[in-house]
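So the chains spell out like this:
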Protein chains: 2
Amino acid sequence: MKVYCSKDSLLTGVNTVQKAVSSKNTLPVLQGIMIKAEGQSLIFEATDLEIGIRCVVPAQVEEEGVAVLPSRIFSDLVRKLPDAAIILELENDIITIKYYESDLSLRGYDPEEFPLLPDLLDAETFDLPVSLFKTMIKQTIFTCSTEESRPVFTGCLLQIEDNTIRLIATDTHRLAYRFAEIPNTDQFKFQGIIPAKTLGEIYRLLREEDENLIIRFNPSQIVFQFGSVYLLSRLIEGQFPNYKQVIPQSCQTKVILPTKLFQESVERASLLARDGSHTSIIKLTIDTEHLSIDQASDLGKITEQMEIRKEGNDVKIAFNSKFLLDVLKIIDSEEIIFELSGPYSPGIIRPVDDPDYLYLALPVRTS
Amino acid sequence: MKVYCSKDSLLTGVNTVQKAVSSKNTLPVLQGIMIKAEGQSLIFEATDLEIGIRCVVPAQVEEEGVAVLPSRIFSDLVRKLPDAAIILELENDIITIKYYESDLSLRGYDPEEFPLLPDLLDAETFDLPVSLFKTMIKQTIFTCSTEESRPVFTGCLLQIEDNTIRLIATDTHRLAYRFAEIPNTDQFKFQGIIPAKTLGEIYRLLREEDENLIIRFNPSQIVFQFGSVYLLSRLIEGQFPNYKQVIPQSCQTKVILPTKLFQESVERASLLARDGSHTSIIKLTIDTEHLSIDQASDLGKITEQMEIRKEGNDVKIAFNSKFLLDVLKIIDSEEIIFELSGPYSPGIIRPVDDPDYLYLALPVRTS
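Note that the structure is a prediction, hence the values are computed from the model and not measured.

What counts and what doesn't
- Residues numbered from 1 in each chain as written.
- Chains lettered and ligands numbered in written order.
- Predicted model: local features only at pLDDT ≥ 70, side-chain atom pairs only at ≥ 80, totals over all residues.
- Heavy atoms only, no water.
- Helix = DSSP H or I, 4+ residues; strand = E, 2+ residues; numbered from the N terminus.
- Buried < 20%, exposed > 50% of the residue type's maximum accessible area, 1.4 Å probe, protein only.
- Contact = heavy atoms within 4.5 Å.
- Pairing = 2+ DSSP bridges.
- Axes fitted to C-alpha atoms, helices over the stretch in contact; angles between N-to-C directions.
- Domains from an automatic or database assignment.
- Left-handed = near helix turned anticlockwise from the far one by under 90°.
- Nonpolar A, V, L, I, M, F, W, Y, C, P; charged D, E, K, R; others polar.
- Salt bridge = Lys/Arg side-chain N within 4 Å of Asp/Glu carboxyl O.
- Least-squares fit on C-alpha atoms with pLDDT ≥ 70 in both.

> Before we move on, could you go through the overall build of chain A and cite the residues and values that matter?
Looking only at helices and strands, chain A features seven helices and 26 strands. C-alpha extents for chain A along the principal axes are approximately 75 × 55 × 35 Å. Residues classed as buried in chain A amount to 55% of the 367 residues present. Summarising the internal contacts of chain A: among those between residues at least 6 apart in sequence, 67% fall at separations of at least 24.

The structure is reproduced here in structure tokens:
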């Protein structure tokens with residue numbers, strides 16, 4: 001291998017694939033980043049066998065070749081390289097990086113051992129607008145569970161059918177649901193649970209200038225392709241709960257209130273409600289014109305009150321403050337609709353100007 | 001107490017004094033921030049008995065009074081207050097904070113127990129340009145030791161005499177020295193060791209718009225006054241080493257080289273020289289036209305080479321990479337002068353365009 005390239009190209013490659021490098025896998029070669037010089041490109045690849053990322057950057061290839069370099073030290077070194085012309089040369093699994101009058105050498109892994117990403121060439125493909133999918137991820141991903149013991153809750157259900165797309169996440173205490181119409185895609189049908197880590201990586205790597213996102217899939221894997229990135233992920237096996245059953249179709253109380261004021265009130269009240277267990281329970285009282293929060297602890301007490309517009313019954317209800325704050329933080333709409341049906345039924349939060357999104361949280365029983 | 005003020009005023013007060021709040025002191029009241037309504041001001045004060053900070057912010061005082069509030073929860077709450085008119089009211093050591101239609105109450109400490117900061121009114125005063133003192137702190141503070149067992153090395157020696165000011169720090173392995181002329185101050189004479197924490201706080205709190213910094217002192221304490229801030233600190237007792245003896249007056253090798261290129265080379269080499277102990281030793285070879293770094297480890301090897309201008313002998317010498325990087329990071333000058341006298345004598349680094357600063361580091365013996 002002999003390649004001429006810029007620091008920026010190397011940095012793009014390393015930064016794009018690095019999160020897919022295995023941190024705990026027992027197979028040493030998975031701690032490496034593969035680089036392959038081919039045609040007029042340098043191809044970067046990393047995988048932990050759950051997720052795999054490939055990134056193609058421009059380079060001037062004088063001699064083709066492939067190497068697998070230890071990820072940590074290679075990434076650290078690339079970040080510290082000068083903005084100069086850089087030459088990569090490979091000989092006997094040792095790669096030499098030259099710049100100015102200096103050079104450094106790293107011993108690589110045997111490239112034969114590196115599991116290349118499959119291409120899913122025959123799979124069905126589906127085109128999605130980038131900004132829509134980024135928004136959908138942001139609106140749902142935070143609701144995923146982190147408990148590995150129940151895998152189906154650690155991902156988001158992606159459903160594509162009949163010119164519509166849905167992304168749904170739940171940790172069994174709450175649920176986030178986003179719907180959108182995608183015209184002219186009625187032949188395409190997909191249903192699968194995508195790991196939250198995969199969606200987080202897509203969110204991180206997607207840029208506004210990436211016009212389209214192409215999705216391919218087979219029964220166990222899904223590929224996202226955008227810009228110079230090819231990201232492959234396993235799908236989570238198992239049955240996602242029937243979310244339609246969970247979402248109530250009516251409510252007894254409907255409140256409209258300002259998003260940021262409500263968020264700040266909950267934040268203040270949760271500071272005072274903090275106990276040793278790091279959860280704080282927020283007690284809400286909704287009457288004709290006001291929503292109020294009353295909280296008292298050893299530290300002091302707080303009475304928050306804000307004006308609302310309300311239809312339906314008065315209600316007292318309590319929520320884990322995190323369940324409210326997580327969603328209030330990601331809603332851009334100035335006002336939310338808060339739907340309740342007594343103290344023991346779930347509360348539903350919707351942005352006033354985004355009818356295709358809803359968030360549901362179970363209340364906490366206080367007595 | 002009854003006070004009308006803005007969130008910004010409260011935030012300025014809390015942010016300014018908070019670092020002086022005791023984190024481990026056994027006296028509970030020292031975990032508090034004192035607020036005192038007086039005249040047309042709200043005065044904030046906090047101290048851990050080593051350092052004390054006072055900050056005065058404008059407020060509309062309807063009734064004077066004083067309270068001491070638990071620092072952590074009070075600061076957290078102030079940060080979360082709305083940008084609204086805020087009213088503070090005190091009754092029976094309970095302070096109530098009102099905003100919009102909401103209010104919150106915190107139980108305070110007994111203000112009688114709070115140790116007020118002494119005023120050092122009779123002390124001598126000395127005026128210093130703000131930007132000069134900020135630069136002097138930045139150039140020396142990183143050299144202070146963090147080992148509490150040898151207190152004199154945990155601070156910087158400040159010397160003011162004969163129209164000059166000096167700030168010096170050393171941890172016994174290295175030394176940073178900054179000198180400046182301050183005309184028309186020949187009556188003023190001071191010598192004392194100021195804790196690094198104190199200088200760090202001054203650096204954090206000094207703003208470019210603070211035109212002057214006033215220093216007052218008595219034999220055991222020093223006060224820094226600027227803008228709305230009054231910062232009092234104990235001085236460290238003990239004998240600072242005779243730094244003049246340590247600084248060589250001549251050298252056998254004098255090298256001029258580019259600061260950033262040298263910094264980046266050392267950074268790359270130190271990545272490869274990393275061993276389990278987190279220190280990396282950088283071996284430098286200086287010949288007629290080049291400085292080179294050769295480093296090898298299990299990870300790989302590196303040969304860095306850069307062009308230099310040199311007078312005097314060739315030399316091979318080794319340094320702890322941290323001792324080089326710490327100073328290279330804070331030098332703004334494009335080139336440095338590197339003075340050496342063989343492999344066992346200290347190296348001296350000076351910015352080319354700042355003759356009043358020098359940094360000395362002891363080499364590492366390698367064999």
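Further notes follow.
> Describe helix α2 (residues 71-80) of chain B, listing the residues and the values that go with them.
Of all 10 residues that make up α2(B), seven are buried, and the element is covered over most of its length. B:S71, B:I73, B:F74, B:S75, B:D76, B:L77 and B:V78 are the residues of α2(B) that are buried.

> Hey, could you go over the sheet that holds strand β11 (residues 155-161) of chain A for me, with residue numbers and the actual values?
What links the strands of a sheet is backbone hydrogen bonding, and the strands pair in either a parallel or an antiparallel sense. Residues and elements named next belong to chain A. With antiparallel pairing, nine strands are arranged side by side in an open sheet as β14-β11-β12-β13-β26-β25-β24-β18-β22. Each edge of the open sheet is held by one strand with a lone partner, namely β14 (190-195) and β22 (309-312). Geometrically, the sheet is characterised by an average inter-axis angle of 15° between neighbouring strands, direction not taken into account. Pairing geometry for strand β18 (residues 253-258) and β22, over four bridges, is antiparallel. Each bridged residue has a counterpart across the sheet, and for K254 the counterpart in β22 is E311. Each of β11, β12 (164-170), β13 (174-181) and β26 (357-361) touches helix α3 (residues 130-140); the most contacted strand, β13, lies at about 165° to it.

> Please set out the domain arrangement of chain A residue by residue, giving values where relevant.
Considered domain by domain, chain A is made up of domain 1 (2-113), domain 2 (124-245) and domain 3 (248-361). Using only C-alpha atoms to locate each centre, domain 1 of chain A and domain 3 of chain A end up separated by 49 Å.

> Outline the packing of helix α1 (residues 7-17) of chain B against α2(B), supporting the account with residue identities and numerical values.
Residues and elements named next belong to chain B. Relative to each other, α1 and α2 sit at 145°, their axes nearing to 9 Å. The way α1 lies across α2 gives a crossing that is left-handed. Every residue of α2 that contacts α1 at K7, L10, L11, V14 and N15 is listed here: F74, S75, V78 and R79. Partitioned by chemical class, the residues of the contact of α1 with α2 number five nonpolar, two polar and two charged.

> Provide a residue-level description of the environment of B:S321, including the pertinent values.
Residue and element names in this part refer to chain B. One can find S321 in helix α7 (residues 321-330). Judged by relative accessible area, S321 falls into the buried class, the value being 6%. Placed 52 residues apart in sequence, S321 and A269 show a C-alpha to C-alpha distance of 8.7 Å. When neighbours within four sequence positions are excluded, S321 is seen to be in contact with V266, S270, S280 and I282.

> Would you mind going over the pattern of salt bridges in detail, with residue names and values included?
Close approach of charged atoms allows side chains with opposite charge to pair. Applying the stated criterion across every chain yields a total of 42 salt bridges over all chains. Where B:K2 meets B:E89, a salt bridge forms, and the shortest distance between an N and an O atom there is 3.5 Å. Remark: B:E89 occurs in strand β7 (residues 86-91) and B:K2 occurs in strand β1 (residues 2-5); sequence separation between them is 87 residues. Linked through salt bridges whose partners overlap, the residues forming this network are A:D171, A:R174, A:K322 and A:D326.

> Explain the relation of the copies chain A and chain B to me, and be specific about the residues and the numbers.
For the match of chain A to chain B, the screw axis carries a shift of 0.0 Å, the RMSD comes to 0.0 Å, and the turn is 180°. Here the transformation between the copies is reduced to the relation of a two-fold axis. Taking the C-alpha atom as reference, chain A places A:R204 closest to the rotation axis, 16 Å from it. Interface overlap between copies is the fraction of interface residues in one copy that are interface residues in the other; for chain A against chain B it reaches 100%, indicating a shared surface.

> So what's going on with the environment of A:E334? Which residues, and what values?
All names here are of chain A. For E334, the position within the fold is in the loop between α7 (321-330) and β24 (335-340). Along the sequence, E334 and T259 sit 75 residues apart, while their C-alpha atoms lie 5.5 Å from each other. In this view, E334 contacts L257, P258 and T259; residues no more than four positions away in its chain are not counted.

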